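Chains, contacts and geometry: an overview
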Amino acid sequence: MLTAFARAFKTPDLRKKLLFTLGIIVVYRVGTHIPIPGVDYRNVQTCIDVAAKGGNQGLFGLVNMFSGGALLQITIFALGIMPYITASIILQLLTVVIPRLEALKKEGQAGTTKITQYTRYLTVALAILQGTGLVATARSGALFSGCTVANEIVPDQSIFVTITMVITMTAGTAVVMWLGELITDRGIGNGMSILMFISIAATFPAALWSIKTQGKLADGWIEFGTVIVVGLVMVGLVVFVEQAQRRIPVQYAKRMIGRRSYGGTSTYIPLKVNQAGIIPVIFASSLLYIPALVAQFAGGNSGWKTWIEQNLTKGSHPVYIATYFLLIVFFAFFYVAISFNPEEVADNMKKYGGFIPGIRAGRPTAEYLSYVLNRITWPGSLYLGLIALVPTMALVGFNANQNFPFGGTSILIIVGVGLETVKQIESQLQQRNYEGFLR
């Protein structure tokens with residue numbers, strides 16, 4: 001692989017793309033450390049140190065991971081890529097519900113461009129909402145629970161300062177979105193995914209070192225080594241499952257047009273075991289944050305608030321674990337159902353003379369595809385649920401709290417983006433008759 005990277009850098013146009021991508025990554029990482037105006041940086045760092053020692057990032061751990069740690073530092077890129085991810089998911093879901101968006105999706109490149117534009121507008125709107133929520137949380141002191149100076153993070157709580165902070169974070173989100181599109185257009189591609197990859201990977205060194213410093217066996221080296229081994233095993237498992245697919249054979253009948261025959265070829269429909277990807281984990285995590293967030297800002301000591309605080313805010317609680325697992329399984333089936341339409345695939349196959357051997361074209365083909373898809377979604381959803389529960393097991397096994405680096409969400413994203421990036425570089429190397437990564 002190192003040899004292939006060396007050859008990639010020897011190719012002039014590919015070297016320019018790699019260097020351009022690295023430059024954008026540097027700009028992005030610099031922006032995650034520039035605080036926004038109106039924030040007391042010293043108090044923020046004090047509260048971050050308190051949160052790090054206690055291993056508690058509150059209700060914002062997921063968003064903080066996607067922002068590369070910039071959220072809790074309240075920097076200009078505090079919201080990171082999360083508003084764009086949310087906007088993309090919402091547009092994808094609305095495509096199934098709104099006929100206009102479904103028609104745009106079928107228009108090809110022009111329709112995709114229009115949907116991308118809608119995604120940008122929705123990203124800015126979500127950034128305004130999330131930025132306002134983050135500023136309000138920081139002003140109230142709820143961003144860092146247990147920190148004595150949490151109420152002094154925003155010393156000046158005037159309307160002008162608040163609006164300036166929200167505008168700055170919204171502009172930062174727009175810049176992050178622009179940087180991702182630059183990587184897609186002028187870099188090696190997959191810009192948003194690469195920025196997400198960098199954000200998550202940037203938190204690994206500090207999290208790993210925290211495991212070592214908090215460990216008790218051989219000055220923490222045994223816990224550190226065990227976590228590394230567990231992480232490598234998880235990466236291998238995720239690579240195996242992410243690459244696994246059920247290939248449904250498709251045969252195209254021969255057709256004579258004039259003196260020429262067309263068709264007669266064989267291909268297959270690849271159905272991945274994890275067809276839904278990381279989306280169910282994000283949905284389940286976001287949904288579980290809602291009751292905890294409502295309870296945090298609710299006043300009084302009502303019974304429902306006490307129940308939520310006892311059962312749905314601690315990752316090691318059995319109710320939280322069971323709810324999280326069931327939500328992941330549900331959203332896995334839900335997302336697969338709206339993202340893959342067996343009837344549409346069957347109609348396209350019938351239109352072009354394709355059929356599955358032993359299955360009649362039309363409705364029987366759609367029913368067969370639905371049957372196969374449901375069967376492979378079960379192991380895929382259970383796999384997602386078990387991977388996502390790894391941090392919970394780390395709470396008990398390593399006393400890692402929320403600092404455990406090899407969480408299910410982070411591993412899934414890193415492995416998925418890494419595999420896709422390697423494939424893209426590999427394809428460009430193969431175009432130039434190079435050996436590439438695979439032998």
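The structure contained in this document is the topic of the report that follows.

Description of the pattern of salt bridges
For the structure shown, the criterion picks out three salt bridges. Of the charged contacts, one joins R120 and E181 as a salt bridge, the two residues approaching to 2.8 Å between their closest N and O atoms. Highlighted residues: R120 in helix α8 (residues 109-140) and E181 in helix α9 (residues 159-186), separated in sequence by 61 residues. Residue R120 is classed as partly exposed on the basis of its relative accessible area, which comes to 28%. With a relative accessible area of 18%, E181 lands in the buried category. Between R363 and E367 there is a salt bridge, with the nearest N and O atoms lying 3.2 Å from each other. With R363 and E367 both in helix α17 (residues 363-388) and four residues apart, the pair spans about one turn of that helix. The partly exposed category is assigned to E367, whose relative accessible area is 45%.

Considering the side chain of T21
Structurally, the position occupied by T21 is in helix α2 (residues 12-31). A relative accessible area of 4% places T21 in the buried class. The residues contacting T21, other than those within four sequence positions of it, are I183, G187, I188 and I194.

Focus on the packing of helix α6 (residues 82-97) against α8
Where α6 contacts α8, the two axes come as close as 8 Å, and the packing angle between them is 130 degrees. By the angle class used here, α6 and α8 are oblique. By crossing handedness, the relation of α6 to α8 is classed as right-handed. In this structure, α6 contributes P83, Y84, T86, A87, S88, I90 and L91 to the contact, and α8 contributes I115, Y118, T119, L122, T123, L126, A127 and Q130.

Looking at the packing of aromatic side chains
Taken as a whole and judged by the stated rule, the model has seven aromatic pairs. Where F333 meets W378, the ring centres are 4.8 Å apart and the plane angle is 65 degrees; that geometry is what we call edge-to-face. Taken together, the residues F333 in helix α15 (residues 318-339) and W378 in helix α17 connect sequence positions 45 residues apart. Overall, the relative accessible area of 47% leaves W378 in the partly exposed class. One aromatic cluster is present, formed by F283, F330, F331 and F334 through successive ring pairs.

Considerations on the sheet that holds strand β5 (residues 354-355)
With antiparallel pairing, the three strands of this open sheet are ordered in space as β4-β1-β5. Whereas interior strands pair on both sides, the edge strands pair on one side only; in this sheet they are β4 (266-272) and β5. Sheet topology places strand β1 (residues 245-252) next to β4; seven bridges connect them, and they run antiparallel. By the bridge assignment for β4, I248 is matched with I269.

A word on unusual backbone geometry
Of note, I74 is a non-glycine position whose phi angle comes to about 50 degrees, a positive value. One can find I74 in the loop between α5 (70-73) and α6. Even without being glycine, N190 reaches a positive phi, approximately 55 degrees.

Notes on the environment of T112
Among the structural elements, T112 can be located in helix α8. Among the residues examined, T112 registers a relative accessible area of 40% and is labelled partly exposed. Along the chain, T112 and L101 lie eleven residues apart, while their C-alpha atoms are 9.6 Å from each other.

Definitions and limits used
- Residues numbered from 1 in each chain as written.
- Predicted model: local features only at pLDDT ≥ 70, side-chain atom pairs only at ≥ 80, totals over all residues.
- Heavy atoms only, no water.
- Salt bridge = Lys/Arg side-chain N within 4 Å of Asp/Glu carboxyl O.
- Helix = DSSP H or I, 4+ residues; strand = E, 2+ residues; numbered from the N terminus.
- Buried < 20%, exposed > 50% of the residue type's maximum accessible area, 1.4 Å probe, protein only.
- Contact = heavy atoms within 4.5 Å.
- Axes fitted to C-alpha atoms, helices over the stretch in contact; angles between N-to-C directions.
- Parallel < 35°, antiparallel > 145°, perpendicular 65-115°, else oblique.
- Left-handed = near helix turned anticlockwise from the far one by under 90°.
- Phe/Tyr/Trp six-rings, centres within 6.5 Å; stacked < 30°, edge-to-face > 60°.
- Pairing = 2+ DSSP bridges.

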